[in-house]
Amino acid sequence: MGEQPLTMWIDTHCHLDAAEFDQDRAAVHLRTRAAGVVACVIPSVAAANFDTVRILAHAQHDAYALGIHPLFTPSATETDLAQLDAALHTHRHDTRLVAVGEIGLDGFVPELNTPEALSKQQQFYKAQLKIAQQHQLPVILHVRRSANWLLKGLRDTPVAGGIAHAFNGSVQQAQAFIALGFKLGFGGALTYARSLQLRRLATELPLSALVLETDAPDMPAHWLYTTAEQRRTGQAQGRNEPAELPRIAQVLAELRGISEDELAAVTSANARLALPRLQ
């Protein structure tokens, strides 16, 4: 048996139930723990995978969240919202259930931003905030070109804080989320030298506001990314997984001029503050 790494991390957002992991999920889990990632939060994206993420979190001694992702709202129904409410009630004593998520709004995908589709996104976002409020749970937010809309929803329906996942807004928007009790998630995107605004945010925002995430298998760090030209020549895109978190964190530690141990300790404490059941 190898020794457990002394530096311990929490991956606050990874989709370990994704099909990309079907062939080697157990090996991914072993690499995750060997890298010192002691806990992962697995958010659902639709009612169809509520049970999947719950069972996986228990099998791997991880945590999970239940919610309907904005990309899945076009096919979602009122029945799905009722299923969410029922699942949160049924599993209300499950300490591995840490949040309502992944919920939010997506202002980037064109087909989600027709008047009808955007209206449905907003309907499901507001409804899920109310459900989170009723169950006194924090939320994990999908924030893509939607920060101001999300902030308005949070002011209208206050919840028990949470995490703004893959945050890439302005300093003012960051401060607004922080004021509402949120932590901000940073991952592989900050490893790209061209991500100047994101790196500035990750460097200048209070360390007490930051949590780490991979969004695996998505949001790969620069060393996993292949260009369209490389893919045309047969080079595969590298798959992101939670074991990449320490290397991503190393970039952030260097940007902030602090040790990796300090970053691990503070971001893990921040994750437990944002999602108290992680305690």
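Residues numbered from 1 in each chain as written. Predicted model: local features only at pLDDT ≥ 70, side-chain atom pairs only at ≥ 80, totals over all residues. Heavy atoms only, no water.

(A) Geometry of the nonpolar core. The biggest cluster of nonpolar side chains holds 68 residues, and the ones touching the most others in it are L66, V139, L141, F177 and F186. Looking at this core element by element, the count peaks at six residues for helix α9 (residues 245-256). (Core = buried A, V, L, I, M, F, W, Y, C linked by side-chain atoms within 4.5 Å. Buried < 20%, exposed > 50% of the residue type's maximum accessible area, 1.4 Å probe, protein only. Helix = DSSP H or I, 4+ residues; strand = E, 2+ residues; numbered from the N terminus.)

(B) Representation of the pairing of strand β2 (residues 37-43). Counted residue by residue, β2 has six buried out of seven residues, so it is predominantly covered. The pairing of strand β1 (residues 9-11) with β2 spans three bridges and is parallel. Bridge pairing links D11 to C40 in β2. As for the winding sense of the linkage, the β-α-β connection from β1 through helix α1 (residues 25-34) to β2 is right-handed. Where β2 and strand β3 (residues 63-66) come together, three bridges link them in parallel fashion. Looking across to β3, one finds that V41 is bridged to A63. (Pairing = 2+ DSSP bridges. Right-handed = clockwise from strand over helix to strand, strands pointing away.)

(C) Expanded view of the sheet that holds strand β8 (residues 210-212). Across the sheet, which stays open at both edges, the eight strands sit in the order β1-β2-β3-β4-β5-β6-β7-β8 with parallel pairing between neighbours. Looking at the sheet topology across the chains shown, the edges are occupied by β1 and β8. Each neighbouring strand pair of the sheet contributes to a mean axis angle of 30°, computed without reference to strand direction. Sheet strands touched by helix α10 (residues 260-274): β1, β6 (162-165), β7 (182-186) and β8. Its angle to β1, the strand with the most contacts, is close to 45°. (Axes fitted to C-alpha atoms, helices over the stretch in contact; angles between N-to-C directions. Contact = heavy atoms within 4.5 Å.)

(D) Layout of the packing of aromatic side chains. Taken as a whole, this structure holds three aromatic pairs when the rule is applied. Measuring from centroid to centroid gives 6.0 Å for F177 and F182, while their planes differ by 65°, and the two rings are edge-to-face. Across the pair, exposure class does not vary: F177 and F182 are buried alike. Centre to centre, the rings of Y192 and Y225 are 6.2 Å apart; their planes meet at 80°, and the pair counts as edge-to-face. (Phe/Tyr/Trp six-rings, centres within 6.5 Å; stacked < 30°, edge-to-face > 60°.)

(E) Summary view of helix α7 (residues 196-204). For α7, the set of buried residues is L198, R199, L201 and A202. All buried residues of α7 fall inside an arc of 160° around its axis, so they share one side. Among the exposed residues of α7, those pointing more than 90 degrees away from its buried face are L196 and E204. On the buried face of α7, the contacting elements are α6 (171-179), β7, β8 and α9. (Arc of directions from axis to C-beta.)

(F) Summary view of the pairing of β3. Burial along β3 is two-sided: A63 and A65 facing one way and Y64 and L66 facing the other are all buried. Following the backbone out of β2, through helix α2 (residues 50-60) and into the adjacent parallel β3, one traces a crossover that is right-handed. The pairing of β3 with strand β4 (residues 97-106) spans three bridges and is classified as parallel. Opposite A65, over in β4, you have A99 as the bridge partner.

(G) Just the environment of R54, in detail. Among the structural elements, R54 can be located in helix α2. When the C-alpha atoms of R54 and A76 are compared, they prove to be 20 Å apart, with 22 residues separating the residues in sequence. The contact partners of R54, leaving out residues within four places of it in the chain, are Y64, H91 and D94. A distance of 3.3 Å separates a polar atom in the side chain of R54 from a polar atom in the side chain of D51. (Polar contact = N/O pair within 3.5 Å; in protein donor to acceptor, adjacent residues only side chain to side chain.)

(H) Geometry of unusual backbone geometry. Residue E102 follows G101 across a cis peptide bond; omega there is 10°. With respect to the helices, strands and loops of the structure, E102 is situated in strand β4. For the bond from A216 to P217, the omega torsion is 5°, close enough to zero to count as cis. With respect to the helices and strands, the residue P217 is situated in the loop between β8 and α8 (228-232).

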